[in-house]
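Remarks on the overall topology
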Amino acid sequence: MRVLGIESSCDETGVALVEVQGAGVPVLLAEALYSQIEMHQAYGGVVPELASRDHIRRVLPLTEQVLASSGRALADVDVVAFTRGPGLAGALLVGAGVACALGAALGKPVLGVHHLEGHLLSPFLSADPPEFPFVALLVSGGHTQLMRVDGVGRYTLLGETIDDAAGEAFDKSAKLLGLGYPGGPALSRLAERGDPAAFKLPRPLLHSGNLDFSFAGLKTAVMVQAKKLALAQDCAVTDLPANVLADVAASTQAAIVEVLVKKSLAALNQAGLKRLVVAGGVGANRRLREQLNSECARRQVRVHYPELHLCTDNGAMIAMAAAMRLQSGQQTASEVYAFDVKPRWPLDSL
Ligand code: KG4
Ligand code: ZN
């Protein structure tokens, strides 16, 4: 069985073809991705209407590219999967509409996939896939969650952010330091040259006794710190010397990463598990990976990450999640081609 997956929830159009071979982990045959980052950069963030229109332009050429590089034809596709939510409504509608039109034209069933389930299962695309059960740290631009994962579709929420997501904390802090969009990668690059202990920034909810997160206050603390420095130097925040900005960036990153690492370890303890899966865009962060690796090694915990290029949004994770849902019997694909999207959709409601 071959599953074509289409991702269009935000600012990346992704298409991929995955093959299910018996009971083994499904295999990625080909993938293609178009990132809209350059287009949105002029606006300092994602413009939903522009995102939708660009998905329309990209999705079919990317599909042709995936078929060509896998040496397959549309007739070889058995199921067409798409991201049904959460995400931007208009952007989701493009992927859903194209997937259902393709399914109807081919007479093949379709399947709507949860975007976060895609992230959650993306480490199964790596050469060394995890085994169930595990604790998952889902850290993206819109979500920060700790889940207990006992199998495909068996997700228990252990904790989540009560306000901003970790990716948002990176993005908003980066923006006020004048680093542009998307802020996460830019802030972490600048942080490489800074001192993570230069400024004492808050570690929100670190000792809350539960597994929830809160990052909204952090950006305010970063802003207060940066403005204080700017006032002392009689300049704008964005005109602070590069080494000072690097210290602020490093301290911000250190605060976010420390909370993510400590809560992940607490979640492993609480669940009594020795396996951690990290997924979502912030999972690409180098400091997060280094600190998790060293803390987990000390506790004999195995950590799994998606391959670096599959941390952020892509079509492979959507094709993979659909393939694993079908393979596990969690769901069947449908030949009903009327579709809806779910801009808000809690993962543990699956
Ligand atoms: O999973 P993703 O591609 O999209 C969502 O589903 O939200 O995650 C995007 C988020 C953005 O907030 C981006 O700034 C962040 O992931 N991000 C990073 C890094 N790469 C991407 N944050 C910190 N360090 C990185 N290297
Ligand atoms: Zn995502």
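In case you missed it, the structure is sitting above this.
Treat the numbers as computed from the prediction; the structure is a model and nothing was measured.

Some thoughts on the overall build of the protein
For the protein, the helix and strand inventory stands at ten helices and ten strands. Taking 20 Å as the expected radius of gyration for a compact globule of 350 residues, we find that the protein reaches 21 Å, a close match to that expectation. Projected onto the principal axes, the alpha-carbon positions of the protein cover approximately 65 × 45 × 30 Å. Across the 350 residues that make up the protein, the buried fraction comes to 53%. Sequence separation of at least 24 residues holds for 72% of the intrachain contacts in the protein that already meet a minimum separation of 6. Here the protein has roughly 14,300 Å² of accessible surface; of this, 53% comes from carbon and sulfur atoms. Charge separation in the protein, taken as the distance between the mean sites of 31 positive and 34 negative side-chain charges, equals 5 Å.

Section: the sheet that holds strand β6 (residues 134–139)
Taken together, the five strands give an open sheet; going across it, the order is β8-β7-β6-β9-β10, and neighbouring strands pair in mixed fashion. Looking at the sheet topology across the chains shown, the edges are occupied by β8 (154–160) and β10 (302–304). The sheet shows a mean angle of 25 degrees between the axes of neighbouring strands, direction not considered. Sheet strands in contact with helix α8 (residues 242–271) are β6, β7 (144–151), β8 and β9 (275–279), and its direction is about 155 degrees off that of β6. The strands touched by helix α9 (residues 286–298) within the sheet are β9 and β10, with β9 carrying the most contacts at an inclination of about 175 degrees.

So, the sheet that holds strand β2 (residues 12–19)
Taken in spatial order, the five strands of this open sheet run β3-β2-β1-β4-β5, and their pairing is mixed. A strand with exactly one partner marks an edge of an open sheet, and here the two such strands are β3 (27–35) and β5 (110–114). Going from strand to strand, the sheet's axes swing by 20 degrees on average, the running direction of each strand aside. Pairing between strand β1 (residues 2–7) and β2: six bridges, direction antiparallel. Following the sheet pairing, Arg2 is matched in β2 by Glu19. Sheet strands in contact with helix α3 (residues 89–106) are β1, β4 (79–85) and β5, and its direction is about 160 degrees off that of β4. Packed on one face of the sheet, helix α10 (residues 315–328) meets β1, β2, β3, β4 and β5 and runs near 135 degrees to β1.

Some words on α10
Given 3.6 residues per turn, any residue in an α-helix points the same way as the ones three and four places further on. With 14 residues, α10 should reach 20 Å at 1.5 Å per residue; the first-to-last C-alpha distance of 20 Å fits that figure. Burial runs high along α10: twelve of the 14 residues are buried. Within the sequence span of α10, burial applies to Gly315, Ala316, Met317, Ile318, Ala319, Met320, Ala321, Ala322, Ala323, Met324, Arg325 and Leu326. Check the buried side of α10 and you find it contacts β1, β2, β3, β4, β5 and α4 (115–121). The backbone nitrogen of Ala316 has a side-chain oxygen 3.0 Å away, supplied by the residue at the start of α10, namely Asn314. Just downstream of α10 lies Gly329, where phi reads positive at about 75 degrees.

What to know about the nonpolar core
One finds Val135, Phe215, Ile256, Leu260, Leu276, Val278 and Leu288 to be the most contacted residues of the largest nonpolar core, which totals 52 residues. Secondary structure elements with two or more residues in this core: β6, α5 (166–176), α6 (183–191), α7 (216–233), α8, β9 and α9. With 16 residues, α8 is the largest single contributor of residues to this core. Setting aside residues up to four positions removed in sequence, Phe215 forms contacts with Thr144, Thr161, Asp163, Asp164, Ala165, Ala166, Ala169, Ile256, Val259 and Leu260. Listed in part, the 34 residues of the second largest apolar core include Leu120, Leu310, Met320 and Leu326.

Scoring rules and cut-offs
- Here, residues in each chain are numbered from 1, in the same order as that chain's written sequence.
- In the order they appear in the text, chains get letters beginning with A and ligands get numbers beginning with 1.
- In keeping with the predicted nature of the model, local features appear solely for residues at pLDDT of at least 70, side-chain atom pairs appear and are counted solely at 80 or more, and the whole-chain, interface and lining totals rest on all residues.
- Processing note: side-chain calculations cover all non-hydrogen atoms of the structure and skip hydrogens and water entirely.
- Per the convention used, a helix needs a DSSP run of H or I reaching at least four residues, while a strand needs a run of E reaching at least two, with both numbered from the N terminus.
- Computation of the radius of gyration draws on C-alpha atoms, with the globule rule given as 2.2 Å multiplied by the number of residues to the power 0.38.
- The rule is simple: take the accessible area with a 1.4 Å probe, protein chains only, and divide by the maximum for that residue type; under 20% is buried, over 50% is exposed, in between is partly exposed.
- Two residues form a contact once any of their heavy atoms are found within 4.5 Å.
- Only the protein chains shown count as cover for residues, with accessible areas throughout obtained via the Shrake-Rupley method and a probe of 1.4 Å.
- The convention is simple: Lys and Arg are positive, Asp and Glu are negative, and His and the chain ends are not counted.
- All charge positions are set by atom: Lys at NZ, Arg at CZ, Asp at CG, Glu at CD.
- If DSSP finds at least two bridges between two strands, the strands pair.
- Fitted lines through C-alpha atoms give the axes, limited to the stretch in contact for helices. The angle between two N-to-C directions lies from 0 to 180 degrees.
- The span expected for a helix works out to 1.5 Å for each residue beyond the first.
- Think of a polar contact as two N or O atoms within 3.5 Å of one another; within protein, one of them needs to be a possible hydrogen donor and the other a possible acceptor, and neighboring residues in sequence only count if both atoms come from side chains.
- What is meant by a nonpolar core is a set of buried Ala, Val, Leu, Ile, Met, Phe, Trp, Tyr and Cys residues, joined one to another through side-chain atoms within 4.5 Å.

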